[in-house]
Amino acid sequence: MVNQNPQPEVFETNFTIDVSAVGSNTNTIYTHQGHNEQFMVYAIGVDILNANGIDSSGTYSDFDLTINAGSNSVPSNPFDAGAIAKNTDGIVALTCPIVVQFKQPLQVRIDTITNSAVAGPYTVTVRLIGETSIINT
Amino acid sequence: MANQNPQPEIYTTRHEFANGATPGTSITETVFTNQSSSEEVRIYSISVNIINNTANEAGTGSSITGNDYTAQIKIGNNFVPSYAFDLGVITTMNQVMITFPTPILVLFQQPISVIVTYKGGNSSRQAGANTGVATAVKVSLHAELALTQVACQEGSMDWPSGQKNARQDMIDAISNKIMGGA
């Protein structure tokens with residue numbers, strides 16, 4: 001439920017990456033939206049941190065990112081997270097917002113494409129930057 | 001098929017160059033947009049991530065040979081932009097991304113191919129060095145998938161708006177004849 005309309009939101013989720021195994025991790029984000037509210041994601045931020053909490057996107061960035069809104073992936077395919085992390089802002093704005101309706105689970109999946117030769121663990125932080133608002137009818 | 005209208009899309013292709021790839025080696029990857037007949041894709045910008053040594057990613061963009069790649073984007077049967085452009089300069093930008101002045105338009109049943117070519121780190125484009133390590137070039141096309149918008153005027157015969165059909169041309173010709181026009 002929003003406390004103001006619209007209400008800015010930054011949903012952050014962290015993934016602990018085991019560098020010894022190529023695989024995927026999925027986290028669920030709870031938007032706590034009412035039935036008459038929708039959440040729109042305008043931008044995505046990615047940080048890749050090493051075990052000391054230091055940005056390591058320059059030396060380990062081979063990750064793909066997938067966002068599921070409800071039963072569908074939006075964007076429809078996995079996309080490169082490394083380029084976002086290497087960006088100075090660490091953020092990429094979407095061409096148009098991802099719309100998450102009531103009761104649509106919001107999930108973020110990180111696929112590790114290659115291993116790192118440097119010992120981990122690594123933490124990949126994904127931020128979904130958007131707003132929750134009451135649907136205007 | 002879009003799940004929402006418009007729907008943001010980021011299409012990433014991965015081009016893997018083996019250790020020792022010679023200058024001129026190109027790798028083509030195809031993007032599947034899964035769009036229907038009533039949908040179109042518009043590509044607004046492109047970002048690049050060069051993973052220089054996939055076994056131990058380090059030194060990305062630190063050497064000329066490490067980021068001397070070009071890309072061509074083929075939409076349907078045509079290249080858009082018309083010519084190959086440098087990817088290395090994109091990786092050295094703060095945003096790791098360039099935005100096109102106008103979007104690339106992809107219509108139904110038009111395949112997208114991304115062709116990445118290793119140039120060898122020689123500005124004269126003659127024989128340069130082979131790749132020193134296995135390298136992956138990831139190209140992301142930032143786009144949106146939307147239902148095609150058609151401009152209509154209710155009750156008008158020139159549909160879509162501004163494009164007269166043959167019947168309207170015939171009516172105009174007869175009308176001009178009767179009224180003594182041109």
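Here the structure is a predicted model, which is why all the values come from computation and not from measurement.

(A) The overall build of chain A, seen in detail. For chain A, the helix and strand inventory stands at one helix and nine strands. Seen in sequence order, chain A has helices and strands lined up from the N terminus as β-β-β-β-β-β-α-β-β-β. Against the compact-globule benchmark of 14 Å for 137 residues, chain A has a radius of gyration of 16 Å, which places it among compact chains. C-alpha atoms of chain A, sized along the principal axes, occupy 55 × 30 × 25 Å. When burial is assessed residue by residue, chain A has 38% of its 137 residues classed as buried. Taking contacts inside chain A between residues at least 6 apart in sequence as the whole, the part at least 24 apart equals 82%.

(B) Structural view of the interface of chain B and chain A. Every contact between the two is made by 30 residues of chain B and, on the other side, 27 residues of chain A. Taken together, the elements giving at least two residues each to the side of chain B that touches chain A come down to strand 1 (7-17), strand 3 (39-52) and strand 9 (135-147) of chain B. Per-element accounting of the side of chain B that touches chain A gives the leading share, six residues, to strand 1 of chain B. Partitioned by chemical class, the residues of the side of chain B that touches chain A number 12 nonpolar, 14 polar and four charged.

(C) View of the nonpolar core. Counting residues in hydrophobic clusters, the biggest one holds 61 residues, and the most contacted among them are A:Val46, A:Ile98, A:Val124, B:Val48, B:Val137 and B:Val139. Ranked by residues supplied to this core, first place goes to strand 9 of chain B with seven residues. Residues within four places of B:Val48 in sequence aside, it is in contact with A:Ala83, B:Leu87, B:Ile90, B:Thr91, B:Val96, B:Val137 and B:Val139.

(D) Inspection of the sheet that holds strand 9 of chain B at higher detail. Residues and elements named next belong to chain B. Spatial strand order, 1-9-3-7: four strands in an open sheet with antiparallel pairing. Single-partner strands in this sheet number two, and they are strand 1 and strand 7 (97-106). Ignoring strand direction, the axes of neighbouring strands in this sheet form an average angle of 25 degrees. By the bridge criterion, six bridges tie strand 3 to strand 7 in an arrangement that is antiparallel. Bridge pairing links serine 45 to threonine 99 in strand 7.

Cut-offs applied
- Residues numbered from 1 in each chain as written.
- Chains lettered and ligands numbered in written order.
- Predicted model: local features only at pLDDT ≥ 70, side-chain atom pairs only at ≥ 80, totals over all residues.
- Helix = DSSP H or I, 4+ residues; strand = E, 2+ residues; numbered from the N terminus.
- Rg over C-alpha atoms; globule rule 2.2 N^0.38 Å.
- Buried ≥ 20, exposed ≤ 12 C-beta atoms within 10 Å, placed from the backbone.
- Contact = placed C-beta atoms within 7 Å.
- Nonpolar A, V, L, I, M, F, W, Y, C, P; charged D, E, K, R; others polar.
- Core = buried A, V, L, I, M, F, W, Y, C linked by C-beta atoms within 7 Å.
- Pairing = 2+ DSSP bridges.
- Axes fitted to C-alpha atoms, helices over the stretch in contact; angles between N-to-C directions.

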